[in-house]
Amino acid sequence: QENKMGVLPVGKLLAGMAVPMMISMLVQALYNIVDSVFVSRLSENAFNAVGLAFPLQSLMIAVGAGTAVGINALLSRSLGEKKQEMADRAAGAGIFLLPICSYLVFAFIGLFLSRPFFVAQAKAVPEIVEYGVQYTRICLGLSVGIFSQFCFERLLQSTGRTSLAMCTQLLGAIINIVMDPILIFGLCGAPRMGVAGAAVATVVGQIVAAIVGLIVNIKCNHDIHIRRENIRWDPIVAKEIYRVGIPSIIMQSISSVMTFGMNKILFVFTPTATAVFGAYFKIQSFVFMPIFGLNNGVVSIIAYNYGAQHRRRMTETIKRSTIYASCIMLLGMSIFLSIPGTLLKIFDATDTLLAVGVPALRIISLSFCMAGASIALTSAFQALGKSLYSMIISIIRQLVFLVPLAYILARYGAGIGNNDLVWWSYPIAEIAALTVSLLFFRHMYKTLIAKLPEHGPAISE
């Protein structure tokens, strides 16, 4: 029986696969913001600590999501090529690489490197350091849940079962949201754990969702077979996974470097600017996460139809996803422009934070109208094994333009008494990223996509 990714009309297929992932990513955004909302009620230092932890969490997510993209692309392509054995090996190797190997690396980082990381950013405020160390040691030390989640959800997505993947993610998010206030403030007879409570709620939700994800894959995912003998180091499969995965990991890890650099730049001027930056990252996830959910579905569809040699379905998927992503971003930009103060008050913002944050959100949001198309095109690059393109675009956006421009504009703005200049680094960097994305896509289309038969080998003959 043909997989639905090869036969359903693209519009219907995108709705069926991408919408559940977009919903789950919206819930994931809520998942991410709830910690900060409740922690902000403890103190500004506690809120700052959770914000400063973002680069380490972002690095962890980069490794998990990047490896999962590689698994997704290989598994979907193998199914499109009718290579069942390779699909099963990809699933087994993915379980070995994520919940086992990646977890052990980040558990070590969390337990032994958290303190040096926070001292490097906020040694002038010891309370921020202590809060941050508590939070990251728990989140990274028990990160087996998030890595397992990435793996089992992507196995479901790779075979078109995005609704089931959404359900497992929703479960983890709901558990976290319910447990957060209970453990942070000591409600319902639980101990008052403060910042540590936010971390415990997060990892418990992740672990429960991962267990359910494994069960769902075994019981309901009949396109792959999880066998114990395949859960091992497989150099051939690992090479294929990381051929796509490593550029994706690097691409997303760059976000950690960028965030660390921006925090260092902003903290020198005022901790309030750092708090605004942390708040922005939490709020913008409600705009960007649906795009990433859309991309998760798109990667599977493009990779499957690339394996099946069906050019028309690939190009239609890319076109539709780019339009949808751009529309979502324009909506997000309009919200940021119209009610920035309301968004910041979610975090119990002070007048000082509002004075810095309102113009910051408005200026940064101007970059959204360019970001939608750029992010959508990265899904095509990843699905077709061109993650190197995505990595180069990310480097250009964040390291070549964003951080250096932020440093220059921050110093120049301070000199003329206009600290808002630093935020203009975002729109400028996004213009550069979109330009390069379009050039790369044009090259990929001419050299790869255009050479495929329009309707697949069987019809073209």
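Preceding block: the structure.
Note that the coordinates shown come from a computational prediction; the quantities given were computed from them, not determined experimentally.

Caption draft 1: Inspection of the packing of aromatic side chains at higher detail. In this structure the tally under the stated criterion is 17 aromatic pairs. Seen in terms of ring centroids, phenylalanine 277 and phenylalanine 281 are 5.0 Å apart; in terms of plane orientation they differ by 80°. Their pairing is edge-to-face. You can see phenylalanine 277 and its partner phenylalanine 281 sitting in helix 10 (residues 271-307), four residues apart, about one turn around the helix. A single burial state applies to phenylalanine 277 and to phenylalanine 281, both of which are buried. Judged by centre distance (5.4 Å) and plane angle (90°), the ring pair of phenylalanine 288 and phenylalanine 368 falls under edge-to-face. Linking phenylalanine 288 in helix 10 with phenylalanine 368 in helix 14 (residues 368-383), this pair joins segments that are 80 residues apart in sequence. You'll find phenylalanine 288 and phenylalanine 368 in the same group, each marked buried. Each member of the aromatic cluster is reached from another via a ring pair, and the members are Phe54, Phe277, Tyr280, Phe281, Phe288, Phe292, Phe336, Phe368 and Tyr426.

Caption draft 2: Summary view of unusual backbone geometry. Residues other than glycine seldom take positive phi values, yet glutamine 309 does so here, at roughly 60°. By the element assignment, glutamine 309 lies in the loop between helix 10 and helix 11 (311-338). Overall, glutamine 309 belongs to the partly exposed group, its relative accessible area being 29%. Positive phi outside glycine occurs at aspartate 348, with the angle close to 60°. Mapped onto the secondary structure, aspartate 348 falls in the loop between helix 12 (340-344) and helix 13 (351-365).

The rules behind each value
- Residues numbered from 1 in each chain as written.
- Predicted model: local features only at pLDDT ≥ 70, side-chain atom pairs only at ≥ 80, totals over all residues.
- Heavy atoms only, no water.
- Phe/Tyr/Trp six-rings, centres within 6.5 Å; stacked < 30°, edge-to-face > 60°.
- Helix = DSSP H or I, 4+ residues; strand = E, 2+ residues; numbered from the N terminus.
- Buried < 20%, exposed > 50% of the residue type's maximum accessible area, 1.4 Å probe, protein only.

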